[in-house]
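# Structural overview
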Amino acid sequence: LALPSFLLVPDREHWGVDYLDCGGNVQSPINIDTAKTIFSPQLRPIQLSGYSLPANEKLSLRNNGHTVLLELPESLAITGGYAQQYRAVQLHLHWGSSSGPGSEHTIDGRRFAAEIHVVHYNTKYDTFKEAMVHPDGLAVLGAFLEVGPRENPYYQEILEHLHKIQKEGKALPHLVRLLPTNLKLYFHYNGSLTTPPCYQTVKWTVFNQTMLLSHEQMSILVMSLRNDDNKPLQNNYRMVQDMHGRRVLASFQ
Ligand code: BO1
Ligand code: ZN
């Protein structure tokens, strides 16, 4: 049974040795077993603010060796749906290869082609670094990417730069269009960062509505970037983690 190349360096099975939290009981990602989710009518729609950027504000797009990462301005925030306010710092993607899907979360055992994560920290802390060690410190919004019938012009605003950003570039994406339009339907659970330091301080939202990209766009995502060893940057997802008794809430029935 061949492991995806990304899983071999660094060896994810050994994360727990150097980063104690990676071996903890509140880890992400998870498989969401929809038959076991708990409908929670008090989960209000996720509200985003500041997600429309001025036309002159280009954002830094980076290949950090593990993913493509877009730095977000501090003016972006989650202002509803969570008990507290969370400020955005970055978004990034997880994907597979030409031979398999690469979302981190799975739904009823199904892995999707790719997954976007928009990473936020609680505004009651001064910095991400400070927030990430507190139980209510972080919020990540996740959405699945699937192959659909046509090109997605909003994802294209990022994908068109990938071939020239082996390290750094700039992009001006319509940020709000990278997430589903339906922000009412989602799953919610307590988990962790999916890479070291794996801090168990993330309140996860995984949207029910998926984003559609063309087959060609998905190929561009999977084929364009290389890691520090000059190998294709592929399969940059972590295996699903044990629930250890956790429950997933659903905002819908
Ligand atoms: S994820 O959304 O769970 N895949 C995830 C995983 C790791 C990080 C963020 C999100 N890492 C942290 C780094 C910090 C950095 C921060 C924001 O991302 O540990 O050093 O400041 O980019
Ligand atoms: Zn991620």
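Predicted, not measured: the structure shown is a model, and the values here were computed from it.

It is worth spelling out the overall build of the chain at this point. Counting secondary structure elements, the chain contains five helices and 16 strands. Since a compact globule built from 253 residues should have a radius of gyration of about 18 Å, the 17 Å found for the chain is in line with a globular shape. Counting only C-alpha atoms, the chain reaches 45 × 45 × 40 Å along its principal axes. A burial count over the chain gives 50% of its 253 residues as buried. As displayed, the chain offers around 12,000 Å² of accessible surface, 52% of which is attributable to carbon and sulfur atoms. Side chains of the chain carry 22 positive and 23 negative charges; the gap between the two charge centres is 4 Å.

Looking at the metal site, the zinc ion (ligand 2) is ligated by His92 (NE2), His94 (NE2) and His117 (ND1), spaced 2.0 Å from it. Geometry at the zinc ion (ligand 2) is tetrahedral, judged from its four donor atoms and the angles of 98 to 119° they form at the metal. In primary-sequence terms, the residues that donate to the zinc ion (ligand 2) follow H-x1-H-x22-H. With His92 in strand β7 (residues 86-95) and His117 in strand β10 (residues 114-122), this pair connects stretches of sequence that are 25 residues apart. Across this residue pair, the class does not change: His92 and His117 are buried.

The subject of this paragraph is the nonpolar core. One finds Ile116, Leu141 and Leu175 to be the most contacted residues of the largest nonpolar core, which totals 44 residues. Listed by contribution, the elements that provide at least two residues to this core are β4 (59-63), β5 (68-71), β7, β10, β11 (138-147), α4 (153-159), β15 (211-213) and α5 (215-223). The element contributing the most residues to this core is β7, with five residues. Sequence-distant contacts of Leu175, defined by excluding residues within four places in its chain, comprise Tyr51, Leu53, Leu59, Leu70, Leu72, Leu76 and Leu91. Phe128, Leu138, Val248 and Ala250 belong to the second-largest nonpolar core, a separate cluster that totals 21 residues.

Across the junction of Ser28 and Pro29, the peptide omega takes the value 0°, indicating a cis bond. Mapped onto the elements of the fold, Pro29 is located in the loop between α2 (15-18) and β1 (31-32). The linkage connecting Pro196 with the following residue, Pro197, adopts the cis geometry, with an omega of 15°. As for its position among the elements, Pro197 is in the loop between β13 (186-191) and β14 (202-207). With a phi angle near 60°, Asn230 is a residue other than glycine that sits in the positive phi range. Structurally, Asn230 is set in the loop between α5 and β16 (249-250).

So, about the pattern of salt bridges. As a working rule, side chains carrying opposite charge can pair if their charged atoms are close by. Under the criterion given, the structure shown has five salt bridges. Here Asp33 ties to Lys36 by a salt bridge, and the two come within 3.6 Å at their closest N and O atoms. Across the salt bridge formed by Arg110 and Glu146, the nearest N and O atoms sit 2.6 Å from each other. Pair noted here: Arg110 is in strand β9 (residues 110-111) and Glu146 is in strand β11, with a separation of 36 residues, a long-range link. Overall, the relative accessible area of 44% leaves Arg110 in the partly exposed class.

What follows deals with the sheet that holds β1. Across a sheet, paired strands are connected by hydrogen bonds in the backbone, their directions being either parallel or antiparallel. Taken together, three strands build an open sheet; the order of strands is β1-β8-β9 and the sheet is mixed. The two strands at the open ends of the sheet, each matched to only one other strand, are β1 and β9. In terms of strand pairing, β1 meets strand β8 (residues 106-107) through two bridges, oriented parallel. Considered in β8, the bridge of Asn31 is made with Thr106.

In the vicinity of ligand 1 there are 14 residues, among which Gln90, His92, Lys129, Thr194 and Thr195 approach most closely. Between ligand 1 and Gln90 there is a distance of 3.0 Å, counted from an oxygen atom to a side-chain nitrogen or oxygen. Within the side chain of Thr194, one N or O atom sits 2.8 Å away from a nitrogen atom of ligand 1. Elements represented by at least two residues in the shell around ligand 1 include exactly β7, β10 and α3 (128-131). Per element, the largest residue contribution to the shell around ligand 1 is three residues, and it comes from β7. For the shell around ligand 1, the residue count by class is six nonpolar, six polar and two charged.

Turning to α5, a few remarks are in order. Residues Gln217, Met218, Leu221 and Val222 constitute the buried set of α5. Viewed end-on, α5 has its buried residues packed into an arc of 135°, placing them on one side of the element. The exposed residues of α5 that point more than 90 degrees off its buried face are His215, Glu216 and Met223. Each element contacted by the buried residues of α5 is listed here: β7, β10, β11, α4 and β15.

Thresholds, definitions, all that
Residues numbered from 1 in each chain as written. Chains lettered and ligands numbered in written order. Predicted model: local features only at pLDDT ≥ 70, side-chain atom pairs only at ≥ 80, totals over all residues. Heavy atoms only, no water. Helix = DSSP H or I, 4+ residues; strand = E, 2+ residues; numbered from the N terminus. Rg over C-alpha atoms; globule rule 2.2 N^0.38 Å. Buried < 20%, exposed > 50% of the residue type's maximum accessible area, 1.4 Å probe, protein only. Areas by Shrake-Rupley, 256 points an atom, 1.4 Å probe, with all protein chains shown as cover. Lys, Arg positive; Asp, Glu negative; His and termini not counted. Charge placed at Lys NZ, Arg CZ, Asp CG, Glu CD. Donors = N, O, S within 2.8 Å, 3.2 Å for Na, K, Ca; no water. Tetrahedral: all angles 85-135°; square planar, octahedral: opposite > 155°, others 65-115°. Core = buried A, V, L, I, M, F, W, Y, C linked by side-chain atoms within 4.5 Å. Contact = heavy atoms within 4.5 Å. Salt bridge = Lys/Arg side-chain N within 4 Å of Asp/Glu carboxyl O. Pairing = 2+ DSSP bridges. Near = heavy atom within 4 Å. Polar contact = N/O pair within 3.5 Å; in protein donor to acceptor, adjacent residues only side chain to side chain. Nonpolar A, V, L, I, M, F, W, Y, C, P; charged D, E, K, R; others polar. Arc of directions from axis to C-beta.

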